[in-house]
Every structure is written in structure tokens, then in C-alpha cells.
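Secondary and tertiary structure notes
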Protein chains: 2
Amino acid sequence: MNFFYAPPENWKDDRSEVEITGQEAIHISKVLRNKVGDQAFVVDGIGNRSKCEITDISKKSVQLKVLETNSQNEPTTKKVMAFGAIKKRDRLEFAIEKAVELDVWEICVFDADHSERSRLNEDRLHTQIVSAFKQSGRFYLPKLVIKRSLDEVLEQYKEHSILMAYLGDEEAESPNQLTDSENLLLVGPEGGFSKREADFAKSNGAQFFTLGKNRLRAETAVVAFLSQFLFSK
Amino acid sequence: MNFFYAPPENWKDDRSEVEITGQEAIHISKVLRNKVGDQAFVVDGIGNRSKCEITDISKKSVQLKVLETNSQNEPTTKKVMAFGAIKKRDRLEFAIEKAVELDVWEICVFDADHSERSRLNEDRLHTQIVSAFKQSGRFYLPKLVIKRSLDEVLEQYKEHSILMAYLGDEEAESPNQLTDSENLLLVGPEGGFSKREADFAKSNGAQFFTLGKNRLRAETAVVAFLSQFLFSK
């Protein structure tokens, strides 16, 4: 059965019906050629997955009635992955897709000291996140946040425990289990974090961690770092 | 300084000189436009990195003299990553590039029960491995091995400890430290391993491991699995 996404505002208050609009509606009617009576799963991105049946279908809007709903609680341990903007689009999109698969709670892309000011197509990235979200069978849709400096990132997530992938002067530890509920994982851009950024993060309570002895590309570091916490709840 | 690759047969016996040929030579002469006297690092893929100086340059061949050499021992813990052939080329290449960055010793791509028979462009994949190898600063060039079934893979690596990413009937553990020197990590194709493959691997001593609760794409599983062993020596 297919999976579709409909944001919270598209659902009737009593959750008996839902409407799918936009590109998703066009996809359902024109590409998949679904018909009235067909069933599908519809997720709302805030913890609920409903088995539904199509009651009306047009190019702009697909109406479904809800047959049954499965809900999941928010994770106890949330991981925000903030990484310096990656210039090459296919690598950036891989980082984002993999972050969603690997259970990220929020994705933050920021302009680092050693990266060029990014011009991100937020709509395109959001579409990507929704696509990876549906494919992975997750219940919560990760948010996308864009920031213009590490300083802005730390301001945004000021209550989070900060784990920074950075090899400083001292011996960094390998990442362990996450013990806190709100975690901010930081990965630098291709050129690495600047000394200024490392000092600033440190003064804000960041712990430095190593991701092994090999030099990793930025998008690989994003995936490798999140993979240290596959079993967090 | 640039990094170039020259396989063992291109080096003079006493390692005083080396010749770069093929695409690399064309790249050096036509794209980078290096000149006699320019310096570069040249790696041989079997543990040695030499700082060299160009002594002669043409489109087909670049001659260099060796100034100094740095050598590294083979790792104590070797990781062979064998994964079911991934159909989409960009995802396959992503898996291969990341495997090289994450210190894989050999890369094996095989036709799994649940994947279509692959038609891989081995030259193209080899070029990719060399490129990722140079970029990552590693000393050993991973080999590429193509097999037609999991059975062939287990025959090829019959002395290796087998770690299989597979959720069986019993509760699988999360991957730990690697304790043996020769390790075979197995990841299935998009459709997952078949029961036959799992039983066959088990009867050959495979241990099953989980990569968390989310369904991961094949190339993500490759990276996540290797990321469990970032600190193996």
C-alpha cells in the first residue's frame, strides 16, 4: 500500500477525514491513477499513521476517509543535526535524506565560517525531507531550519546538549550513548570548523568528539555521526 | 599539494622514480597543467605515499622522481563490506565512495536472491574507488570484487568472521567492537536478505546484527554498518 503525507491542517478535527492537495494530489490522480475505493496509508508527520480509503479524487484534491489510526509517541531522545552548508546539491541532498532515515528530529543547515554563503532551495529540500520521511516509515516529520552562522544555531538550540565533531588540541573521545533528551549534533562544512567556532561552541558547553582517523567528507560525517546513535530511544 | 595514484607496477624497483599514465596523466597535463618541477604526493595503494617532483610531462605519461616516502602498516582489523547490488547508479556509487572513506579493506558487490542480476561497469566503479581513495588520504586502495551470489561471497571469504545486518526471528544485537582480524560485513539489497540467505549465512557462522528500528535504504545501511567500527585499528 502507498504512503501519503498530509500536514496536520489537512485533517478534519475528529480525524475522520483527510484531504491531500498539491503535488501529492497530482501524483495520486495522474501518476498512480488511484481510484475511489483504493486504500492507502496517510501520515500527518506528528505521530499518526492512518489507513484510509479514497472517497473523492481530482487533480487538485484527494479526499479520504480514515479507517484506523496508529500513533507513536515522540522519541525520548531527540537529535538535531546541524551541519555546515554543503555546496554540491547532490551531496547536500544525500546528507538530508540519510539524516531523515537515521531518525533525526530536526535538520539545521547553517553558513559556517569556512563555507560560502548558501542559497538553498528550501522548497526543494522540504520536498526531499517529506519523501525520505514517507519512505522510511517514520511517524514524525523532521523540521528544516536554516541559519546564517553557528552563533545563530547555538542561540536557536540553547537548551540542548552540544556534541561537536571536531578534533581539537586535546584528545577527543568517540561518541557514546546519548543521555540527555535534547541533543544538538554539530558537523562542520568541507573546510572544517574554524578555531573561532570551536572555541565559541566550547564556551557554550560543547563536547568534542572524533569520528575516527580518516578525513570524512561533510555528508559522510553527518551520516557517520548519526550512526553512532542508532539505538537511542 | 595534489594527490595522484600510480599502481605498484608503475614504480621503479628502488622506488626512486614513478610513472603516471592513463587518465591521470591526461588530467595532470591538460587539466591541472602541471609543469616540470612541480611537486605532488603519489600513492601506490599498498601503504606508501611519496612526495615527488615532476621530471617529464606529456599527455600519455608523467615521470616523477621520489623525494621522500611515508609508509603505513596494514590495519590490524580488516573490514570487507559485501552488499547486494544496488540498482540505481548514484546510490551504488554513494555506497562505494562512503565505504572507501570509512576505511573498508575490500568492497564486494554481489547479486542477492532479492536483487536483479547486476550489470556493473567495473572500470567506472574502480575509477570511483581510486578517486575516493585519493581524496580520503588513505594508504591502502580497497579492492573491488564482484560475485554472483551470497554463496560465492562466503566461499571467497571463508576464513572471515561474518557480521550480517539482518533482523531474524531472534533478537539481534547491536554491532560491537570488531575483535577478529578478518571481518566480512554483509548488507542485503533493497528487498532485504532472503530466508535462504540468512539460514545459509547462519550455518556458516554468521552473527546477526540490527541497525536500529528504522528501515534503511541499502546504501544507508552500508554506511551505518561501517560507522559502527570507526575506531577499529
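Treat the numbers as computed from the prediction; the structure is a model and nothing was measured.

Criteria and thresholds
- Residues numbered from 1 in each chain as written.
- Chains lettered and ligands numbered in written order.
- Predicted model: local features only at pLDDT ≥ 70, side-chain atom pairs only at ≥ 80, totals over all residues.
- Heavy atoms only, no water.
- Phe/Tyr/Trp six-rings, centres within 6.5 Å; stacked < 30°, edge-to-face > 60°.
- Helix = DSSP H or I, 4+ residues; strand = E, 2+ residues; numbered from the N terminus.
- Lys NZ or Arg CZ within 6 Å of the ring centre and 35° of its normal.
- Pairing = 2+ DSSP bridges.
- Axes fitted to C-alpha atoms, helices over the stretch in contact; angles between N-to-C directions.
- Contact = heavy atoms within 4.5 Å.
- Buried < 20%, exposed > 50% of the residue type's maximum accessible area, 1.4 Å probe, protein only.
- Arc of directions from axis to C-beta.
- Least-squares fit on C-alpha atoms with pLDDT ≥ 70 in both.
- Domains from an automatic or database assignment.
- Buried area = accessible area lost by both parts, 1.4 Å probe.
- Salt bridge = Lys/Arg side-chain N within 4 Å of Asp/Glu carboxyl O.
- Polar contact = N/O pair within 3.5 Å; in protein donor to acceptor, adjacent residues only side chain to side chain.
- Nonpolar A, V, L, I, M, F, W, Y, C, P; charged D, E, K, R; others polar.

**Regarding the packing of aromatic side chains**
- Tallied over the entire structure, the rule returns 15 aromatic pairs over all chains.
- Both rings, one in Phe3 of chain A and one in Phe41 of chain A, keep their centres 5.3 Å apart while their planes meet at 35 degrees; by these two values the pair is tilted. Here Phe41 of chain A lies in strand β3 (residues 39-43) and Phe3 of chain A lies in strand β1 (residues 3-5), a separation of 38 residues in the sequence.
- A centroid spacing of 5.4 Å and a plane angle of 45 degrees characterise the contact between Trp105 of chain B and Tyr140 of chain B, whose relative ring orientation is tilted. With Trp105 of chain B in the loop between α2 (89-101) and β7 (106-110) and Tyr140 of chain B in the loop between α3 (122-136) and β8 (143-147), the pair connects residues that are 35 residues apart, well separated along the chain.
- Each residue in the set Phe110, Tyr166, Phe193 and Phe208 of chain A is aromatic and connected to the rest through ring pairs, giving one cluster.
- Between the NZ or CZ atom of Arg49 of chain A and the centre of the ring of Phe41 of chain A, over which it lies, the distance is 5.9 Å.
- Its guanidinium or amino end placed over the ring of Phe208 of chain B, Lys202 of chain B lies 4.4 Å from that ring's centre, counting from NZ or CZ.

**A closer look at the sheet that holds strand β9 (residues 161-165) of chain A**
All names here are of chain A.
- As summarised here, the arrangement of the six strands in space is β8-β7-β6-β10-β9-β11, forming an open sheet in which the pairing is parallel. Only two strands of the sheet have a single partner each, and these edge strands are β8 (143-147) and β11 (207-209). Neighbour-to-neighbour, the strand axes of this sheet turn through a mean angle of 25 degrees, independent of strand direction.
- As defined by bridge partners, β9 adjoins β11 across three bridges and the pair is classed as parallel. From the neighbouring strand, Leu163 faces β11, where its bridge partner is Gln207.
- Helix-sheet contacts for helix α3 (residues 122-136) involve β7 (106-110) and β8, and the interaxial angle to β8 is about 150 degrees.

**Details of helix α1 (residues 22-31) of chain A**
Residue and element names in this part refer to chain A.
- Looking only at α1, the buried set comprises Glu24, Ala25, Ile28 and Ser29. Seen end-on, α1 carries its buried residues on one side only, within an arc spanning 120 degrees. Residues of α1 that are exposed and point over 90 degrees away from its buried face: Gln23, Lys30 and Val31.
- On its buried face, α1 is in contact with β1, β2 (17-21), β4 (48-57), β5 (61-71) and α3.
- The positive-phi residue at the C-terminal boundary of α1 is Arg33, with phi of around 55 degrees.

**Looking at the relation of the copies chain A and chain B**
- Least-squares fitting of chain A to chain B yields an RMSD of 0.0 Å, with the transformation described by 0.0 Å of translation along the axis and a rotation of 180 degrees. Those values place the two copies in the arrangement expected of a two-fold rotation axis.
- Mapped onto chain B, 100% of the interface residues of chain A are again interface residues, and the two copies thus contact each other with one and the same surface.

**Digging into the domain arrangement of chain A**
Residues and elements named next belong to chain A.
- For chain A, the assigned domains read domain 1 (3-71) and domain 2 (78-227).
- Taking only C-alpha atoms into account, the centre of domain 1 sits 32 Å from that of domain 2.
- Every contact between the two is made by 12 residues of domain 1 and, on the other side, seven residues of domain 2.
- Across the interface of domain 1 and domain 2, roughly 830 Å² is buried in total on both sides, 66% from carbon and sulfur atoms.

**Structural notes on helix α6 (residues 218-226) of chain B**
- Counting buried residues in α6 of chain B gives nine out of nine residues, a clear majority hidden from the surface.
- Residues of α6 of chain B that are buried: Ala218, Glu219, Thr220, Ala221, Val222, Val223, Ala224, Phe225 and Leu226 of chain B.

**Thoughts on the sheet that holds β1 of chain A**
Residues and elements named next belong to chain A.
- A sheet is described by the order of its strands in space; here five strands give the open sequence β1-β3-β4-β5-β2, paired in mixed fashion. Single-partner strands in this sheet number two, and they are β1 and β2. Strand-to-strand, the axes of this sheet are offset by a mean angle of 45 degrees, without reference to chain direction.
- Bridging between β3 and β4 involves five bridges; their strand directions are antiparallel. Looking across to β4, one finds that Gln39 is bridged to Glu53.
- Against the sheet, α1 contacts β1, β2, β4 and β5, and its axis sits at roughly 90 degrees relative to β2.
- α3 contacts β1 and β3 of the sheet and is inclined by roughly 145 degrees relative to β1.

**Looking at the interface of chain A and chain B**
- Between chain A and chain B, the residue contacts involve 31 residues of the former and 32 residues of the latter.
- Interface area, chain A with chain B, both sides summed: about 2,700 Å², of which 49% is carbon and sulfur.
- Connecting chain A to chain B are eight salt bridges.
- The shortest N-O distance in the salt bridge between Glu97 of chain A and Arg217 of chain B comes to 3.8 Å.
- Inspection of the chain A/chain B interface yields 20 residue pairs in polar contact (both at pLDDT 80 or more).
- Elements represented by at least two residues in the side of chain A that touches chain B include exactly α2 (89-101), α3 and α6 (218-226) of chain A.
- Among the residues making up the side of chain A that touches chain B, the classes are represented as 10 nonpolar, 10 polar and 11 charged.

**Side note on the pairing of strand β5 (residues 61-71) of chain B**
Residue and element names in this part refer to chain B.
- Bridge count for strand β2 (residues 17-21) against β5 is five bridges, and the pairing is antiparallel. Among the inter-strand pairings, Thr21 is bridged to a residue of β5, identified as Ser61.
- Bridging between strand β4 (residues 48-57) and β5 involves nine bridges; their strand directions are antiparallel. Across the sheet, Lys51 pairs through a bridge with Glu68, a residue of β5.

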